[in-house]
Amino acid sequence: MVQTAPTAPGTASDSGAMSEGKRAERKLGWLLCAPAALVMVAVTGWPILYALWLSFQRFDLKYPDRREFVWLDNYITVLTNGYWWSAFWVTVLVTVISVAIEFALGMSLALVMHRALVGRGLVRTVSLIPYGIVTVVAAFSWRYAWTPDTGYLANAITPDGAPLTEHASALAIVILAEIWKTTPFMALLLMAGLALVPDDLLKAAAMDGAGPWQRFVKVMLPVMKPAILVALLFRTLDAFRVFDNIVVLTSGAQDTSSVSVLAYNNLIKGLNLGIGSTMSVLIFIAVALIAWIFIKLFGTAAPGSDDKGRR
Amino acid sequence: MVCASALTACALASGANTVNLYSAPEENLQHNVDRCNAESGGRYQIVYHKLPRDADGQREQMVRRLAAGDSGMDILYLDVTWTGEFAEANWIREWTGENKAEAERGTLQGPLETATWEGKLFAAPKNTNVQLLWYRKDLVPEPPKTWGEMISTAQRLKQEGKPHWISLTGAQYEGLYVHFNTLVQSAGGHIITDDGKRAVVDDGAVQALRALRDLGTAGVTSAAMNNAKEDNARQEFETGQSAFEMNWPFVYPSMLENKPELAREVGWARMPGLRPGVPGKSTIGGANLAVSSYSTKPDLAFEAAKCLRNPESQKFSAINDGVPPTIESVYADPQVAAQYPMRETILEALKDPGVRPVTPAAQNVSTVLSNMLSPIAAIDPQRTAERMRTEVQNALDSKGVMP
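Residues numbered from 1 in each chain as written. Chains lettered and ligands numbered in written order. Predicted model: local features only at pLDDT ≥ 70, side-chain atom pairs only at ≥ 80, totals over all residues. Heavy atoms only, no water.

Colleague: Any chance you could explain the overall build of chain A here in plain terms?
Modeller: A count of helical and extended segments in chain A gives 13 helices and 2 strands. Compactness check: chain A gives a C-alpha radius of gyration of 25 Å against a globular reference of 19 Å for 311 residues, more than 25% above the reference. Principal-axis analysis of the C-alpha atoms places the extent of chain A at approximately 75 × 70 × 30 Å. Residues classed as buried in chain A amount to 42% of the 311 residues present. Carbon and sulfur atoms make up 71% of the accessible area of chain A, which totals about 16900 Å². With 24 positive and 20 negative side-chain charges, chain A shows a separation of 7 Å between the mean positions of the two kinds. (Helix = DSSP H or I, 4+ residues; strand = E, 2+ residues; numbered from the N terminus. Rg over C-alpha atoms; globule rule 2.2 N^0.38 Å. Buried < 20%, exposed > 50% of the residue type's maximum accessible area, 1.4 Å probe, protein only. Areas by Shrake-Rupley, 256 points an atom, 1.4 Å probe, with all protein chains shown as cover. Lys, Arg positive; Asp, Glu negative; His and termini not counted. Charge placed at Lys NZ, Arg CZ, Asp CG, Glu CD.)

Here it is in structure tokens:
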């Protein structure tokens, strides 16, 4: 395995131009990263390939004798199923709304924290508390708060109803819980972006007569663009996998399942490895697609990388 | 000798006579384990490993390990609905010969059915459970006999400005399916054929759907009913806002402890039926003990399992953990009688039970059904039955998608 590493694509073509020492150095480089690369392939690549392999089979642990290869049947089953699409649109809705609101809130919070003169450290620490709390624990306190009789929010806002038992209000509560949890994360990333904006630039803009709003839109936002896109990308990917809040708050009742909850139900609870893996693969494709859109169309670059990805 | 310490990891690897029991956390089960170990005279040594507290968690841990052929588990604690699944997947051993005879001796028919798959016994009933109707004697002198009577009584109480809620497990989960099954069985209907292969959803099931819908739209349940599980239903009743509660017997000791003054006003009866003069067939709960196919010492495991569910063990569990026995003679024991004022009603219900259809796909069927039953006010009897026929059949064939 180790011997094959140096002949990887890219090395062969330009090896002629390299000196003996340089080639040895490159070989050593490959040798040094080989263990890490192999571990990466083993822990991420293999499960994905195995899920793909399972998704082409009819394979239910309850019926070990009925295992067979069915090509794309599982994909047809899932993609023509109402539960899947209902879960898909719930996921999209939760993702879009929560990320949009988090962005607006996170930006305001970042501006406040950036400009805070006294107790800057304290303000930042305090605002990070929701992000530090385990999601499941937070979700339980939301659930109790929204349950009639025991919950202060339910009693105060809807004395006659049980908001977690209605589709729309249950979804709104899920989104609220998501926003509460991850706005600090968004704010933190955006604050890092704010630090990139040079004060001179803002002063110059002010001298030219730009008001606060113009300075924000015309100067700060463009400079912050890489940080904003990274923050949006991270949160979109994160929100698309929403799972724990939904499981705790509604267990997916009243059509509030997300695709992850559905995949879990079919794979772990239902023991249907074929259908469950098909869903996992579809989720993987969706996540990859989101990342691709952000990177190729919006030019998001990973933090610390060079400018090649951006436009 | 090092393994004399309480280290679980050590126990796993220890002696040839170790029998690993994987069971739900039961406060006083260790006592039975110790007694059986002492009685065996060193032939076997049961080590009690606690599974998670919730049923899904228990099933998931066992299933995961069994699917991987784990030989570290010998005796498995199975919820009554899992027998078909574990048997069909070849994860548990059939009970035969003398073992079978002992598991069946004096055991009530209903609990035995829950341990049977395709005519073969795959587990020994450890404890059972039935729901009863709990009602307020100060509000209604006689318990309602039928579902319709219960609803109209509650509506009358509401008009009179008295406590009137009917509390039940209305959340979208197994608990809602339990009520549906009770009603279907009471109507003499079927969801699935007796062999567990085909979806039926006949007229009886449609009647049951209608009954559930009627309760949902009658205005006599709490706003939180659609999210209520066993404990939420218990709390509703204990706060004094309910006139009726349909729940397992654990609610009674709880009431004695939390609301002794209310407990004095509480009566119990069999679950209301659908037709006058025919009591409801309460759905059976409880747990069975099975022996893993991957166990390396099945003989010891069968012997230990028999001890863990023998009359003496069941009596101890009934008195100390409040779980109803599966062996009829235990009910007559004076000590049990003192602890179980409602034992006659429980026994009556147990002898006329509504067993959930036994099928390997029980979990899938339950998930699919509870999805279509929730919220109960939105049930459209004919149309919901139509949908159930397709989706339950898909679940049985492990086709299609579980919600």
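Still more ground to cover, so stick around.
Colleague: Would you explain the sheet that holds strand E11 (residues 284–291) of chain B in this entry?
Modeller: Sheets are built from strands that pair by backbone hydrogen bonding, the pairs being arranged parallel or antiparallel. All names here are of chain B. Here 5 strands make up an open sheet; going across it, the order is E2-E1-E3-E11-E6 and the pairing mixed. Every interior strand has two partners, whereas the edge strands, strand E2 (45–50) and strand E6 (124–130), have only one. Averaged over all pairs of adjacent strands, the angle between strand axes in this sheet comes to 20°, irrespective of strand direction. Two strands pair when backbone bridges link them, and strand E1 (residues 18–23) and strand E3 (residues 75–79) are joined in this way by 2 bridges, in the parallel orientation. (Pairing = 2+ DSSP bridges. Axes fitted to C-alpha atoms, helices over the stretch in contact; angles between N-to-C directions.)

Colleague: Honestly, the interface of chain A and chain B in this entry has me stumped. Any pointers?
Modeller: A common way to state how big an interface is: give the accessible area lost once the parts meet. Chain A puts 34 residues into the contact, and the matching count from chain B is 34 residues. Taken together, the two surfaces of chain A and chain B that pack against each other cover about 2700 Å², and 50% of this comes from carbon and sulfur. Summed over the three residues of chain A that lose the most area to chain B, namely Lys62(A), Tyr83(A) and Lys269(A), the buried surface amounts to 25% of that side. Our count for the contact surface shared by chain A and chain B stands at 1 salt bridge. Across the pair Lys269(A) and Asp56(B) runs a salt bridge whose closest N-O atoms are separated by 3.6 Å. Counting across the chain A and chain B interface gives 12 residue pairs in polar contact (both at pLDDT 80 or more). Of all the secondary-structure elements, those providing two or more residues to the side of chain A that touches chain B are helix H2 (73–79), helix H12 (259–269) and helix H13 (273–297) of chain A. In terms of residue count, H12(A) provides more of the side of chain A that touches chain B than any other element does, 6 residues in total. (Contact = heavy atoms within 4.5 Å. Buried area = accessible area lost by both parts, 1.4 Å probe. Salt bridge = Lys/Arg side-chain N within 4 Å of Asp/Glu carboxyl O. Polar contact = N/O pair within 3.5 Å; in protein donor to acceptor, adjacent residues only side chain to side chain.)

Colleague: Looking at this structure, I do not really get the sheet that holds strand E7 (residues 132–136) of chain B. What am I missing?
Modeller: All names here are of chain B. Taken in spatial order, the 4 strands line up as E8-E9-E7-E10 in an open sheet, and their pairing is mixed. Because the sheet does not close on itself, it has two edges, and the strands there are strand E8 (165–167) and strand E10 (266–269). Within this sheet the neighbouring strands show an average axis-to-axis angle of 20°, counted without direction. Together, E7, E8, strand E9 (242–247) and E10 form the strand contacts of helix H10 (residues 230–238), whose direction differs from that of E9 by roughly 155°.

Colleague: Honestly, the environment of Ser366(B) in this entry has me stumped. Any pointers?
Modeller: Residue and element names in this part refer to chain B. One can find serine 366 in helix H18 (residues 362–373). For serine 366 and tyrosine 177, which are 189 residues apart along the polypeptide, the C-alpha to C-alpha distance reads 6.4 Å. Sequence-distant contacts of serine 366, that is, excluding residues within four places in its chain, are made with Glu174 and Tyr177.

Colleague: Could you clarify how one ought to interpret the pairing of E1(B) in this entry?
Modeller: Each regular strand displays side chains that alternate between the two surfaces of the sheet. Residue and element names in this part refer to chain B. Extensive coverage of E1 is indicated by the burial of 6 of its 6 residues. The alternating pattern of E1 places Thr18, Asn20 and Tyr22 and Val19, Leu21 and Ser23 on opposite faces, both of which are buried. The parallel pair E1 and E2, bridged by helix H2 (residues 29–39), forms a crossover whose chirality is right-handed. (Right-handed = clockwise from strand over helix to strand, strands pointing away.)

Colleague: Explanation requested: a nonpolar patch on the surface in the structure shown.
Modeller: Residues and elements named next belong to chain A. A cluster of nonpolar side chains, namely Leu122, Val126, Ile129, Ile133, Val134, Val136, Val137, Phe140, Tyr144 and Trp180, defines an oily patch on the protein surface of about 910 Å² accessible area. Breaking the nonpolar patch down by element, the ones donating at least two residues are helix H4 (120–127) and helix H6 (135–145). Per-element accounting of the nonpolar patch gives the leading share, 4 residues, to H6. (Patch = residues over 30% accessible without salt bridge, like charges linked within 9 Å, V, L, I, M, F, W, Y side chains within 5 Å.)

Colleague: Explain the packing of aromatic side chains here, please?
Modeller: For any pair of aromatic rings, the description rests on two quantities: the centre-to-centre distance and the angle between the ring planes. All told, the structure shown has 19 aromatic pairs over all chains when counted by the stated rule. Plain terms: the ring middles of Trp134(B) and Tyr252(B) are 5.9 Å apart, the flat faces sit at 15° to each other, and that makes the pair stacked. In this pair, Trp134(B) is assigned in strand E7 and Tyr252(B) in helix H11 (residues 251–258), connecting sequence segments 118 residues apart. Considered together, Trp134(B) and Tyr252(B) belong to a single accessibility category, that of buried residues. Each member of the aromatic cluster is reached from another via a ring pair, and the members are Trp53(A), Phe56(A), Phe69(A), Trp71(A) and Tyr75(A). Geometry around Tyr63(A) places Arg66(A) over its ring, the cationic atom sitting 3.9 Å from the centre. One Lys or Arg, Arg67(A), reaches over the ring of Phe59(A) and ends 3.9 Å from the middle of that ring. (Phe/Tyr/Trp six-rings, centres within 6.5 Å; stacked < 30°, edge-to-face > 60°. Lys NZ or Arg CZ within 6 Å of the ring centre and 35° of its normal.)

Colleague: Would you mind showing me how to read H13(A) here?
Modeller: Side chains that are three or four residues apart share a direction in an α-helix, a result of its 3.6 residues per turn. Compared with an ideal rise of 1.5 Å per residue, which puts 25 residues at 36 Å, H13(A) spans 35 Å between its outermost C-alpha atoms and is within 8% of the ideal. Phi for Gly299(A), located one or two positions after H13(A), is positive at around 70°. (Expected span 1.5 Å × (residues − 1).)

Colleague: Mind showing me how you'd approach the environment of Tyr252(B) here?
Modeller: All names here are of chain B. Residue class for tyrosine 252 comes out buried when judged on its relative accessible area of 12%. In this structure the C-alpha to C-alpha distance between tyrosine 252 and tryptophan 134, which are 118 residues apart in sequence, comes to 8.8 Å. The contact partners of tyrosine 252, leaving out residues within four places of it in the chain, are Trp134, Ala263, Trp268, Pro341 and Met342.

Colleague: Would you mind going over the confidence of the model for chain A with me for this structure?
Modeller: Do not read the predicted coordinates in detail wherever pLDDT is low. Averaged over every residue, the pLDDT of chain A is 86; the share at 70 or more is 91%. This model gives residues 1–15 of chain A a pLDDT under 50, and the stretch forms 12 contacts once residues within four places in sequence are excluded. (pLDDT = per-residue confidence, 0-100.)

Colleague: So what exactly am I meant to see when it comes to the nonpolar core here?
Modeller: All names here are of chain B. Grouped together as the largest cluster of nonpolar side chains are 50 residues, with contacts concentrated most on Leu21, Met62, Ile75 and Phe86. Secondary structure elements with two or more residues in this core: E1, H2, E2, helix H3 (55–67), E3, helix H4 (83–88), E11 and helix H13 (298–308). Setting aside its immediate chain neighbours within four residues, isoleucine 75 contacts Val19, Asn20, Leu21, Tyr22, Leu289, Ala290, Ala301, Ala304, Ala305 and Leu308. Counting 49 residues, the second largest nonpolar core, distinct from the first, contains Trp147, Val220, Met246 and Met388. (Core = buried A, V, L, I, M, F, W, Y, C linked by side-chain atoms within 4.5 Å.)

Colleague: Would you explain the pattern of salt bridges in this entry?
Modeller: If charged atoms from side chains of opposite charge come close, those side chains can pair. One pass over the structure, following the stated rule, counts 32 salt bridges over all chains. A salt bridge links Glu85(B) to Arg59(B); the shortest N-O distance between them is 2.9 Å. Placement of Glu85(B) in helix H4 and of Arg59(B) in helix H3 is noted, with a sequence separation of 26 residues between them. Classification of Glu85(B) by relative accessible area gives buried; the value is 0%. For Arg59(B), a relative accessible area of 1% puts it in the buried group. Asp214(B) is the salt-bridge partner of Arg213(B), the closest N and O atoms lying 3.2 Å from each other. Using a relative accessible area of 23% as the deciding quantity, one classes Arg213(B) as partly exposed. Salt bridges linked by common partners bring Glu102(A), Glu178(A), Lys181(A), Arg235(A), Asp238(A) and Arg241(A) together as one network.

Colleague: Please clarify how the confidence of the model for chain B should be interpreted in this entry.
Modeller: All names here are of chain B. The predicted model of chain B averages 91 in pLDDT, with 97% of residues at 70 or higher. Below a pLDDT of 50 lies the segment residues 1–13, which in the model reaches 10 contacts outside its immediate sequence neighbourhood of four places, other chains included. Scoring of the predicted complex yields 0.81 for pTM and 0.78 for ipTM.

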